[in-house]
Amino acid sequence: MKKLFLLILAASPFILKAQTEDEPKDTSWKSIYRAAATRINDLVHTKLDVKFDYDKSYLYGKEWVTLHPHFYPTDSLTLDAKGMDIKEVSVMKGTSKSKLKYDYDSMLLRITLDKTYKADENYTIYIDYVSRPNELKTTGSAAITDAKGLYFINPKGEDKDKPTQIWTQGETEANSAWFPTIDKPNQKTTDEIYMTVPSKYVTLSNGLLISQKKNADGTRTDYWKMDLPHAPYLFFMGVGDYSIIKDSHNGKEVSYYVEKEYAPVARKIFGETPAMIGFYEKITGVPYAWPKYAQIVGRDYVSGAMENTSATLHQESAYQNARELTDGNRWEDVISHELFHQWFGDLVTTQSWSNITLNESFADYSETLWNEYRYGKDKGDEHIQENRTAYLSNPSNAQKDLVRYTYRDKEDVFDQVSYPKGGAILHMLRYLVGDDAFYKSLNKYLTDNRFKSTEVAQLRLAFEAVTGQDLHWFFNQWYYGSGHPKLTIDYNYSGDNAQVILKQTQNTGKIFRLPITIDVYNGSNKLRYKVWMTHQVDTFNFRSAVKPTLINVDADKILLVDKTDNKTSDNYVEQWKNAKNYLDRREALDFFAKKKMPELAQGLHDRYYNLRLYTLNRLDLNKSLLTPEVLTEVEHIANTEPYKTVKAKAIDILAKQKDKKYTALFTKYVSDSSYSVAGSALDGLSKLDPANAYTLAKKYSNDAKGKLGAIVSGAIMANGTEEDFIIIFNQYKNAPLNESKLQLTSDFGNYLVKVKNGDNVKKGVDEMMKFRNIVPEQYRNFTDPTFKQAFDKIAKAKKDEGNTQVADYINGLMK
């Protein structure tokens, strides 16, 4: 599961505010031990025959589920079955059925079996049922904003701008809203699914499509079969009008299900997938296990993406057109994340949600591994640093263990501890044992536990078996413990002795054991030392005939620490010159920016494009450093930079100068293939000629997304007329789901105040409300005032105009 909304907003100030204010008053959950589910019966095979009622948003299902007792004989079976209408429960006797007694409370189906079964004795239960997901009352989380399992999207085709689709979302335990099962992660079952759908639609499920049968009523029945066992939460069904673009890897189909509009760019979005599979096979030594790998994009999806076995579901933010992709594929990290789950999560699955790190931390770290392999070490180092920053940004994260046997709700473990902190911990483990041992240990873990469920202790045992080391200290410290070291670094030099004083300042009473690499520099020459910090204060002495020009603690930048490094300005200048890692250079740039040092401009020539972009952003915040000489360098970047995001930022800085000498440059790039570049250029032209901004915005409004869309929207919303409604509405509707759209909400609301057409006002307000409803509940105490202010303003304007019907409609929405 890639929890997109939380990660997008992780660095925003309101996250901390919302999490603090929404802290539950009831803390009784802290004394509840969250054990793995007791296995009384084990799933063996699940066979489903389902049909869909698009008018009612119902699923009519028939199920044959085969089980056996786990160990102890039993005469009963309890299945999760949420919000269903149960028509019949029987035990199969050959081809005949014998009805059974059962009790159903709308959540659990308790069945009295026809006899007592032993551990090696299979039995098959038949269930005739109706799933009514829209009538099920559920709550979600920051990762998964809803939990009704089965979703009918625009089922009656009433929204002409949205396709009709069906998709399912199982994690954590929501698939039992559309088929009865033991909905726990420590269960595994093979499956086969017969799906009857209108013949104009295609279907997707786990495993392989075995057959298709046309029916006389205009429907078609597709038969999907998965011969390998997987957890019930990973079952998937997808239905819709899709184009299927096919690639392959080692003879297995790799496919992309996209709406027809995106068929020409499907490979540009998902086309790295075969190479990713090959890379993950290489580093783990474990071939991709499943018979195919498909990826499908679903409208109105309740999370970022989901690693259903052999059939990953992505939210519609995955869609990007050719112009958007010139800035880079914003979805590639998600694609790599979900794919690695096919090993960590699907092939080997967490035994309980307490051990979700075995799924999510590995998937999160896979993004670092892929970036490092595909784009170089700087890219990988940047990604892992983003992980550390995301975790450290919220102080409450430090209070949570990575492995959590107490939690308020199972959904709560999908957070910045299980994801980015867990990834950063794996990065430290990799460097502790070395690459060869790290990947050999992953191979052993995956091979020993293939098609099983596990807990973190089994990961530790795999690493210990390979390395021969006792790693209890590492796992106790990082997996079963909370927090991180706060490290202060001081330096002394006397005689021929260079001294480093390390002090852990966290006030938790916990002292971290830290393996640390220290590089001691004399100009470009360096000596490397490996030391261990084991006390609150440790002092390390290094013989040096001259005072070192730089001492670089944690030289490879591996540790997850919140550090205060008391280097001098001269030290940071030397660090920029001679310490070559991504974070070495970024730390130096941060220091130069903080101290307003002209050395900051050296970052414009860094080898890594994102550090050139970072430098431009820091210069933009330090106007005093934008000297004529630096602006000349920025102009050179605007004209020559191959990376579009860097070029766009350079043009953005030039646009803020409001200098007519850049007119030709802006004119040249306003039609660039990149929305970012074109948007910055249009902004520059608009600033030079504000009176013409509206006309310019209209000129480029037909194809405007991203930065170009924001500039166009701002100009048209501020100056637009009634006739501009469709343009403005589409700009707001298609804006990325992030904090920028929240800011755009106020502008859109101000525009709707001016709109006289009541139907258009309702349409606009409805679109604002759709965005509002996507925001997880724990963040709404921050976001709702923006919506309420906009709605109040619109409603008052409509009431003043005498359009009380629209005013009442808006007030009704607010209630």
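All values derive from a computational prediction rather than experimental measurement.

**Student:** Go over the overall build of the chain with me, naming the residues and quoting the values.
**Tutor:** Each helix and strand counted, the chain has 26 helices and 29 strands in total. Taken over the C-alpha trace, the chain has a radius of gyration of 29 Å; the compact-globule value for 815 residues is 28 Å, and the two agree within 12%. Expressed as lengths along the three principal axes of its C-alpha atoms, the size of the chain is roughly 90 × 75 × 55 Å. A burial count over the chain gives 57% of its 815 residues as buried. Counting only contacts in the chain whose residues sit at least 6 apart along the sequence, the fraction spanning at least 24 positions is 68%. Within the structure as shown, the chain displays about 33300 Å² of accessible surface, and the carbon and sulfur contribution to it stands at 49%. With 109 positive and 107 negative side-chain charges, the chain shows a spacing of 1 Å between the two charge centroids.

**Student:** Give a description of the packing of helix α24 (residues 758-774) against helix α25 (residues 780-800) that names residues and reports values.
**Tutor:** Taken N-terminus to C-terminus, the directions of α24 and α25 make an angle of 170°; their axes are 11 Å apart at the nearest point. Taken together, the axes of α24 and α25 lie roughly antiparallel to each other. Residues Val761, Val765, Met768, Met769, Phe771, Arg772 and Asn773 of α24 form the contact with α25, whose participating residues are Arg780, Asp784, Phe787, Ala790, Phe791, Ile794 and Lys798. For the contact of α24 with α25, the class distribution of residues is nine nonpolar, one polar and four charged.

**Student:** Talk me through the pattern of salt bridges; I want residue IDs and the actual numbers.
**Tutor:** Within this structure, the stated rule accounts for 58 salt bridges. Between Lys260 and Asp241 there is a salt bridge, with its nearest N and O atoms 2.5 Å apart. Residue Lys260 is found in the loop between β17 (252-258) and α3 (266-270), and its partner Asp241 is found in the loop between β15 (237-240) and β16 (243-249); the two are separated by 19 residues along the sequence. A residue is classified by how much of its surface remains accessible, and Lys260, at 47% relative accessible area, is partly exposed. Residues participating in the shared-partner salt-bridge network are Asp620, Lys623, Lys649, Asp652, Lys656 and Lys707.

**Student:** Any details on the pairing of strand β4 (residues 84-93)? Residues and values, ideally.
**Tutor:** Taken residue by residue, a regular strand's side chains alternate between the two faces of the sheet. The buried fraction of β4 amounts to seven of the ten residues, a majority that puts the element mostly inside the structure. In the sheet, β4 pairs with strand β8 (residues 123-131) via seven bridges, with the strands oriented antiparallel. Residue pairing for β8: Glu88 is matched across the bridge by Asp128. For β4 and strand β5 (residues 96-99), the ladder comprises four bridges, and the chain directions are antiparallel. Bridge assignment links Lys93 to a residue of β5, and that residue is Ser96. Between the antiparallel neighbours β4 and β5 lie two residues, among them Gly94 with a positive phi of about 70°.

**Student:** Help me get a handle on the nonpolar core, residues and values and all.
**Tutor:** Judged by nonpolar contacts, the single largest core of 148 residues is most densely connected at Phe52, Ile125, Trp343 and Tyr479. When near neighbours in sequence (up to four residues on either side) are disregarded, Tyr479 contacts Thr357, Asp401, Leu402, Val403, Ile425, Leu426, Val456, Leu459 and Phe474. Residues Trp576, Leu611, Ile651 and Leu685 belong to the second largest nonpolar core, which totals 80 residues.

**Student:** Can you break down the packing of aromatic side chains residue by residue, with the values?
**Tutor:** In the structure shown here, the tally under the stated rule is 49 aromatic pairs. Each ring, one from Phe179 and one from Phe235, has its centre 4.9 Å from the other, and the planes form 20°; the classification is stacked. Of the two residues, Phe179 is situated in the loop between β10 (165-168) and β11 (189-198) and Phe235 in the loop between β14 (219-230) and β15; the sequence distance between them amounts to 56 residues. Considered together, Phe179 and Phe235 belong to a single accessibility category, that of buried residues.

**Student:** Talk me through the pairing of strand β7 (residues 108-117); I want residue IDs and the actual numbers.
**Tutor:** Where strand β3 (residues 74-80) meets β7, six bridges bridge the pair, whose relative direction is antiparallel. Bridged to Asp80 within β7 is Leu108. Bridging between strand β6 (residues 101-104) and β7 involves four bridges; their strand directions are antiparallel. Bridge pairing in β7 links Tyr102 to Ile111. Joining the antiparallel neighbours β6 and β7 is a turn of three residues, in which Ser106 adopts a positive phi near 80°.

**Student:** Would you mind going over helix α23 (residues 739-754) in detail, with residue names and values included?
**Tutor:** Listing the buried residues of α23 in full gives Lys741, Leu742, Leu744, Thr745, Phe748, Gly749, Tyr751 and Leu752. On the buried face of α23, the contacting elements are α21 (706-719), α22 (725-733), α24 and α25.

**Student:** Which residues make up the sheet that holds β5, and what values go with them?
**Tutor:** Strand order in the open sheet formed by eight strands is β5-β4-β8-β2-β1-β11-β14-β13, with mixed pairing between adjacent strands. Every other strand in the sheet has two partners, leaving β5 and β13 (208-214) as the edge strands with one partner each. In this sheet, adjacent strand axes meet at a mean angle of 20° when their direction is disregarded. Strand direction decides the pairing type here: β13 and β14, joined by six bridges, are antiparallel.

**Student:** Any details on the side chain of Asp42? Residues and values, ideally.
**Tutor:** You can see Asp42 is positioned in strand β1 (residues 41-53). Side chain to side chain, Asp42 and Arg39 meet in a polar contact 3.1 Å long. Filtering out sequence-adjacent residues up to four positions away, Asp42 remains in contact with Thr66, Leu67, His68, His70 and Gln187.

**Student:** Account for the sheet that holds strand β26 (residues 525-533), naming residues and giving values.
**Tutor:** Pairing is antiparallel across the open sheet formed by three strands, whose spatial order is β26-β25-β28. Taken across any chain shown, the strands that pair with only one partner, and hence form the sheet edges, are β26 and β28 (550-553). This sheet shows a mean twist of 20° between the axes of neighbouring strands, independent of strand direction. Of the strand pairs in this sheet, strand β25 (residues 514-522) and β26 are connected by nine bridges, and their pairing is antiparallel. Along β26, the bridge assignment pairs Asp519 with Arg528.

**Student:** Could you give me a rundown of helix α9 (residues 417-433), with the residues and numbers involved?
**Tutor:** Counted at 1.5 Å a residue, the expected span for α9 with its 17 residues is 24 Å, and the 22 Å between its end C-alpha atoms agrees. Just downstream of α9, Gly434 is the residue with a positive phi angle, here 95°.

**Student:** Talk me through unusual backbone geometry; I want residue IDs and the actual numbers.
**Tutor:** Trans peptide bonds make up most of the peptide bonds, and negative phi angles are found at most residues other than glycine. Looking along the chain, the bond that leaves Glu171 and enters Thr172 is cis, with omega of 10°. Here Thr172 lies in the loop between β10 and β11. In this structure, Ser57 is a non-glycine residue whose phi angle is positive, near 60°. When you line up the elements, Ser57 lands in the loop between β1 and β2 (58-69). Here Phe451, not a glycine, exhibits a phi torsion of approximately 60°, which is positive.

Calculation criteria
Residues numbered from 1 in each chain as written. Predicted model: local features only at pLDDT ≥ 70, side-chain atom pairs only at ≥ 80, totals over all residues. Heavy atoms only, no water. Helix = DSSP H or I, 4+ residues; strand = E, 2+ residues; numbered from the N terminus. Rg over C-alpha atoms; globule rule 2.2 N^0.38 Å. Buried < 20%, exposed > 50% of the residue type's maximum accessible area, 1.4 Å probe, protein only. Contact = heavy atoms within 4.5 Å. Areas by Shrake-Rupley, 256 points an atom, 1.4 Å probe, with all protein chains shown as cover. Lys, Arg positive; Asp, Glu negative; His and termini not counted. Charge placed at Lys NZ, Arg CZ, Asp CG, Glu CD. Axes fitted to C-alpha atoms, helices over the stretch in contact; angles between N-to-C directions. Parallel < 35°, antiparallel > 145°, perpendicular 65-115°, else oblique. Nonpolar A, V, L, I, M, F, W, Y, C, P; charged D, E, K, R; others polar. Salt bridge = Lys/Arg side-chain N within 4 Å of Asp/Glu carboxyl O. Pairing = 2+ DSSP bridges. Core = buried A, V, L, I, M, F, W, Y, C linked by side-chain atoms within 4.5 Å. Phe/Tyr/Trp six-rings, centres within 6.5 Å; stacked < 30°, edge-to-face > 60°. Polar contact = N/O pair within 3.5 Å; in protein donor to acceptor, adjacent residues only side chain to side chain. Expected span 1.5 Å × (residues − 1).

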